[in-house]
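# Residue-level structural notes
Residue-level listing of the chains:
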Amino acid sequence: ALVVDVGANVGQDVAAWVKEFGQASPCRARILLFEPNPPVAETLRQTVARQPATERAALDVRPVALSDRPGVAPFALRNDQFHGMKKFYQGKMKSIMHPDFNQIGSLWGGAGAPTQDYINVTVTTLDAALAGAPDATAVVPLLKTDAEGFDAPILFGASALLRRVEVVVFEYHFLWQTQGPNIPLRRVVTFLAERGFQTYMVARPHVLRLDGAYWADVYERLIQWHNCIAVRPGSEALKRLPTLC
């Protein structure tokens with residue numbers, strides 16, 4: 001099996017992935033951790049190094065950026081230490097200083113030049129990154145993306161991979177419009193439905209189904225931080241959705 005974590009940051013989810021999918025679990029999955037921000041990727045490597053020796057060989061850190069096409073793109077660095085929220089609150093909220101969240105950023109998809117400091121990074125797609133891998137046909141129990149507004153292009157660049165994915169988790173929030181390329185949520189939901197997924201938004205105290213006849217235009221405007229989950233009909237993950245609300 002293969003687990004893919006895009007936007008792994010400093011590895012705050014690594015221990016959970018190891019517990020659920022690692023070498024001591026029935027999955028015995030290889031776990032790919034994508035993080036293009038250089039200092040954050042270095043901290044991610046340190047997190048991996050602290051995992052049990054039996055797990056480390058299956059944890060693969062990839063310091064590259066992902067989108068729907070290869071190339072070179074500006075990667076905007078955030079230095080406010082709070083997921084870009086300083087700009088969102090227009091300076092009314094003090095930055096929360098924490099070394100684990102240094103320079104969280106994303107590819108730049110907004111209009112004009114990045115307003116933050118940025119570096120140029122090499123970009124590829126998930127399909128290209130996994131082409132020719134020894135587990136290129138393995139089942140993928142989880143594909144998670146947390147790309148600060150760039151989740152949609154990453155999913156569009158994973159058409160081949162999605163054929164073997166069981167569960168997709170991605171974030172939806174205001175950065176899709178301000179930092180990312182402003183792709184409508186409905187377009188992503190339709191893209192996933194065409195590949196056999198039902199998509200839900202976790203909007204406590206409810207889990208809202210988004211695909212097909214369940215869609216409502218108001219969902220496009222729910223731009224606070226939400227996790228969206230796409231699952232195969234009848235899957236075990238679908239049965240667990242009510243526990244998330």
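A short tour of the structure in this document, coming up. If you're wondering where the values come from, they're calculated on a predicted model, not measured in any experiment.

Once that is clear, we can look at the overall build of the protein chain. Helix and strand counts for the protein chain stand at 10 helices and 12 strands. Taken across its 245 residues, the protein chain has 51% of its residues classed as buried. Contacts spanning at least 24 positions in sequence make up 78% of the contacts within the protein chain whose residues lie at least 6 apart. A total of about 11,800 Å² of accessible surface is found on the protein chain, and carbon and sulfur atoms cover 56% of it.

Attention shifts here to unusual backbone geometry. Unlike most non-glycine residues, asparagine 9 shows phi in positive territory, near 55°. Mapped onto the secondary structure, asparagine 9 falls in the loop between strand S1 (2-6) and helix H1 (14-21). Since its relative accessible area comes to 10%, asparagine 9 is described here as buried. In this structure, glutamate 148 is a non-glycine residue whose phi angle is positive, near 50°. Structurally, the position occupied by glutamate 148 is in the loop between strand S8 (142-145) and helix H6 (151-156). On the basis of relative accessibility, which here comes to 5%, the residue glutamate 148 falls in the buried class.

This part is about the side chain of serine 25. Locating serine 25 in the fold gives a position in the loop between H1 and strand S2 (30-34). A residue is classified by how much of its surface remains accessible, and serine 25, at 8% relative accessible area, is buried. In this structure serine 25 touches Lys19 and Glu20, once residues within four positions along its chain are discounted.

This brings us to the nonpolar core. Ranked by size, the top nonpolar core spans 46 residues in total, and within it Val4, Leu126 and Leu143 carry the most contacts. Of the residues forming this core, the biggest block, 5 residues, is contributed by helix H9 (residues 185-193). Apart from residues lying up to four places away in sequence, leucine 143 is in contact with Val4, Val6, Leu126, Leu155, Leu161, Leu162, Val165, Val167, Val168 and Val169. Counting 20 residues, the second largest nonpolar core, distinct from the first, contains Ile31, Leu33, Leu44 and Tyr200.

In this section: the sheet that holds S8. Here 8 strands make up an open sheet; going across it, the order is S3-S2-S1-S8-S9-S12-S10-S11 and the pairing mixed. Every interior strand has two partners, whereas the edge strands, strand S3 (59-62) and strand S11 (206-209), have only one. Each neighbouring strand pair of the sheet contributes to a mean axis angle of 20°, computed without reference to strand direction. Looking at chain direction, S8 and strand S9 (residues 167-172) are connected through 3 bridges and run parallel. By the bridge assignment for S9, leucine 143 is matched with valine 168. Of the strands in this sheet, S1, S2, S3 and S8 touch H1, which is tilted by about 160° from S2. H9 rests against S9, strand S10 (198-203) and strand S12 (226-231) of the sheet, and its axis sits at about 175° to S9.

Here we come to the environment of aspartate 5. The residue aspartate 5 is located in strand S1 in this model. Accessibility expressed as a relative area gives 1% for aspartate 5, which makes it buried. Sequence separation between aspartate 5 and aspartate 146 is 141 residues; the distance between their C-alpha atoms is 8.2 Å. Ignoring any residue separated from it by four or fewer positions in sequence, one finds aspartate 5 in contact with Asp13, Trp17, Leu32, Leu33, Phe34 and Lys144.

Below, the discussion takes up the environment of valine 14. Among the structural elements, valine 14 can be located in helix H1. Overall, the relative accessible area of 1% leaves valine 14 in the buried class. Excluding its chain neighbours within four sequence positions, the residues that come into contact with valine 14 are Leu33, Leu44, Thr47, Gln51 and Leu59.

Residues lying three or four places apart along an α-helix face the same way, a consequence of the helix completing one turn every 3.6 residues. Over its 12 residues, helix H2 (residues 38-49) runs 17 Å from end to end, which matches the ideal 16 Å to within 8%, given 1.5 Å per residue. Within H2, burial applies to Val40, Ala41, Leu44, Thr47 and Val48. Projected down its long axis, H2 carries its buried residues within an arc of 105°, all on one side. Buried residues in H2 make contact with H1, S2, helix H3 (53-56) and S3.

What counts and how
Residues numbered from 1 in each chain as written. Predicted model: local features only at pLDDT ≥ 70, side-chain atom pairs only at ≥ 80, totals over all residues. Heavy atoms only, no water. Helix = DSSP H or I, 4+ residues; strand = E, 2+ residues; numbered from the N terminus. Buried < 20%, exposed > 50% of the residue type's maximum accessible area, 1.4 Å probe, protein only. Contact = heavy atoms within 4.5 Å. Areas by Shrake-Rupley, 256 points an atom, 1.4 Å probe, with all protein chains shown as cover. Core = buried A, V, L, I, M, F, W, Y, C linked by side-chain atoms within 4.5 Å. Pairing = 2+ DSSP bridges. Axes fitted to C-alpha atoms, helices over the stretch in contact; angles between N-to-C directions. Expected span 1.5 Å × (residues − 1). Arc of directions from axis to C-beta.

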